[in-house]
Amino acid sequence: MSRFRSLLQASLNATKKALTWNIEDLVPPSERYIFNFSSKEELKRWHLYSDSEYGGLSSAALEIKDTGNRSTSVGVFSGNLSLDVMEGSKWNMTRSGFCGMRSKKFDGFIDLDGYDTISLKLKGDGRCYISTIYTENWVNHPGQDEDNSWQAFVFVPKENWYIAKIPLSRYAPTWRGNIINAKMEMNPARIVGMSLSVNAEGGVPGAKSGPGDFEVEVDWIKALRMMQ
């Protein structure tokens, strides 16, 4: 009889444990790495783009640089911004002077619904960069092969490392670089990619602008949960 009671009690304990849950088990970690430029393998996750695809003369490069500090490394996004347009170009360009590094599409999507902030560790040149989040298309042309883009400015101070923290609520919906004048909310559970880009013109007051060389070092990009 005691053996039966022991088995019954063990069964009841297992059932009770299965039915109880801890709220901490449902809350994601306070931070989550999305990109970490710690090796050359990271370069395979990105591709470059610029106005040169449409007749412009800007150029960009992305490489991994050793820091000399315990064999760590960072990504270096650099190049030259030009406002000129190639003669005889078939493209009717309305603007030039932009370059970007865009991640290849994630395998499906990543779910950042438990987070409220994107953080980037950067060291730059005093220019203003643009952080872009791409989500599954439901705003611009639903059903078409086009991602929705959400953008926010990132001013990167010159020379020193800087950790930018951008609330997801600050990312504005855009289409072809123009802000969509409508009240919309990003769906952070369906993120398909990200990018970091730079324009020769525009940005925040006080930031370096105009044509010429640019360079920004990228250590990592994370998602943070700032609000408890």
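Structure first, text after, so check above.
This structure is a prediction, so every number in the text was calculated from the model and none was measured.

Undergrad: How should the overall build of the protein be read in this particular structure?
TA: Within the protein, the regular secondary structure consists of two helices and 13 strands. Across the protein, every contact between residues at least 6 apart in sequence was considered, and the portion connecting residues at least 24 apart equals 75%. Here the protein has roughly 13900 Å² of accessible surface; of this, 50% comes from carbon and sulfur atoms.

Undergrad: Sorry if this is basic, but what is going on with the side chain of D147 here?
TA: With respect to the element layout, D147 can be found in the loop between β7 (128-135) and β8 (148-155). A relative accessible area of 16% places D147 in the buried class. For D147, the side chain forms a polar contact with the side chain of R102, separated by 2.7 Å. Polar side-chain contacts of D147 include one of 3.1 Å to the side chain of K105.

Undergrad: What am I meant to see in the packing of aromatic side chains here?
TA: Aromatic ring pairs are defined here through the distance separating the ring centres and the angle between the ring planes. The full count for this structure, using the stated rule, is five aromatic pairs. Ring plane angle 90° and centroid distance 6.4 Å describe the contact between Y33 and W220, whose orientation is recorded as edge-to-face. One end of the pair, Y33, is in strand β1 (residues 31-36); the other, W220, is in strand β13 (residues 212-224), with 187 residues separating them in the sequence. Take Y33: its relative accessible area is 45%, and that puts it in the partly exposed class. Exposure remark for W220: the relative accessible area of 10% places this residue in the buried category. Three or more aromatic residues link up through ring pairs in this structure, and these residues are F35, F37, W46 and F106. It is R102 that lies over the ring of Y134; its NZ or CZ is 3.5 Å from the centre. Directly above the aromatic system of F109 lies the positively charged group of R190, at a separation of 3.8 Å from the ring centroid.

Undergrad: How should the sheet that holds strand β5 (residues 98-103) be read in this particular structure?
TA: Picture the strands of a sheet paired through backbone hydrogen bonds; they go either parallel or antiparallel. Across the sheet, which stays open at both edges, the seven strands sit in the order β2-β5-β12-β7-β8-β10-β11 with antiparallel pairing between neighbours. In the strand order of this sheet, the two ends are held by β2 (46-50) and β11 (178-179), each with one partner. Of the pairings in the sheet, the one linking β5 to strand β12 (residues 191-199) comprises five bridges and is antiparallel in character. Bridging from a neighbouring strand, F98 pairs with N199 of β12.

Undergrad: Explanation requested: empty space enclosed by the protein in the structure shown.
TA: In this approach the atoms are scanned with a rolling probe the size of a water molecule, which exposes any empty space left behind. As enumerated under the stated definition, the model contains two cavities of 30 Å³ or more in all. If you go around the largest cavity, the residues you meet are W46, I118, L120, S131, T132, M194, S195, L196 and I221. Per element, the largest residue contribution to the lining of the largest cavity is three residues, and it comes from β12.

Undergrad: So what exactly am I meant to see when it comes to unusual backbone geometry here?
TA: Apart from glycine, the bulk of residues carry a negative phi angle, and the bulk of peptide bonds sit in the trans form. In this structure, E159 takes a positive phi of about 75° despite not being glycine. Positionally, E159 belongs in the loop between β8 and β9 (162-167).

Undergrad: Explanation requested: the layout of surface pockets in the structure shown.
TA: Roughly 1400 Å³ of volume is contained in the largest pocket. Around the largest pocket, the lining comprises 40 residues; the ones closest to its centre are R95, F98, Q151, R176 and G177. Those elements that place two or more of their residues in the lining of the largest pocket are β2, β5, β7, β8, β10 (172-175), β11 and β12. Of the residues belonging to the lining of the largest pocket, the class tally is 15 nonpolar, 15 polar and ten charged. Considered as a void within the structure, the second largest pocket measures approximately 230 Å³ in volume.

Undergrad: Would you take a moment to explain the pairing of β12 for this structure?
TA: Consecutive side chains along a regular strand alternate between the two faces of the sheet. For β12, the tally of buried residues reaches eight of nine residues, placing the bulk of the element in the interior. Pairing of β7 with β12 involves seven bridges; the strand directions are antiparallel. Paired with Y134 across the two strands is G193, which belongs to β12.

Undergrad: Please explain the nonpolar core as it appears in this structure.
TA: Counting 38 residues, the largest nonpolar core has I34, F77, L112, I118 and Y171 as the members making the most contacts within it. Looking at this core element by element, the count peaks at five residues for β13. Residues contacting L112, with those up to four places away along its chain left out, are R32, I34, I118, P188, A189, I191, M194 and A223.

How each quantity is defined
- Residue numbering note: each chain is counted from 1, following its sequence as written.
- Where totals are concerned, whole chains, interfaces and linings use all residues; where local detail is concerned, this predicted model gives features only for residues with pLDDT of at least 70, and gives and counts side-chain atom pairs only at 80 or more.
- The basis for every side-chain value is the complete set of non-hydrogen atoms in the structure, without hydrogens or water.
- Counting from the N terminus, the helices are DSSP H or I runs at least four residues long and the strands are E runs at least two residues long.
- Any pair of residues with heavy atoms lying within 4.5 Å of one another is described as a contacting pair.
- Using the Shrake-Rupley algorithm and a 1.4 Å probe, accessible areas are obtained, with residue cover drawn only from the displayed protein chains.
- Under the scheme applied here, a residue whose accessible area is under 20% of the maximum for its type counts as buried, over 50% as exposed, and between as partly exposed, the area being computed with a 1.4 Å probe on protein chains only.
- Polar contacts, as counted here, are pairs of nitrogen or oxygen atoms within 3.5 Å of one another; within protein the pair requires one atom able to donate a hydrogen and one able to accept it, and residues that are adjacent in sequence qualify only if both atoms are side-chain atoms.
- In this analysis, rings of Phe, Tyr and Trp, with Trp reduced to its six-membered ring, are considered paired at centre separations within 6.5 Å, and the interplanar angle assigns stacked below 30 degrees, edge-to-face beyond 60, and tilted for intermediate values.
- Distance and angle both matter: a charge sits over a ring if NZ of Lys or CZ of Arg is within 6 Å of the ring centre and within 35 degrees of the ring normal.
- The pairing criterion is simple: DSSP has to find at least two bridges between the two strands.
- A cavity here means a set of points on a 1 Å grid, drawn over the protein atoms and nothing else, where a 1.4 Å probe fits but cannot get out; a pocket is an open set with protein on both sides within 12 Å along at least five of seven lines, and a residue lines either one if it has an atom within 4 Å of a point.
- Grid points are joined across faces, edges and corners, and a volume is the space filled by probe spheres set on the points.
- Lys, Arg, Asp and Glu make up the charged group, whereas Ala, Val, Leu, Ile, Met, Phe, Trp, Tyr, Cys and Pro make up the nonpolar group; the residues left over, Gly among them, are polar.
- To form a nonpolar core, buried Ala, Val, Leu, Ile, Met, Phe, Trp, Tyr and Cys residues must be joined to one another through side-chain atoms within 4.5 Å.

Without other data, these values stay purely geometric and don't point to any function.
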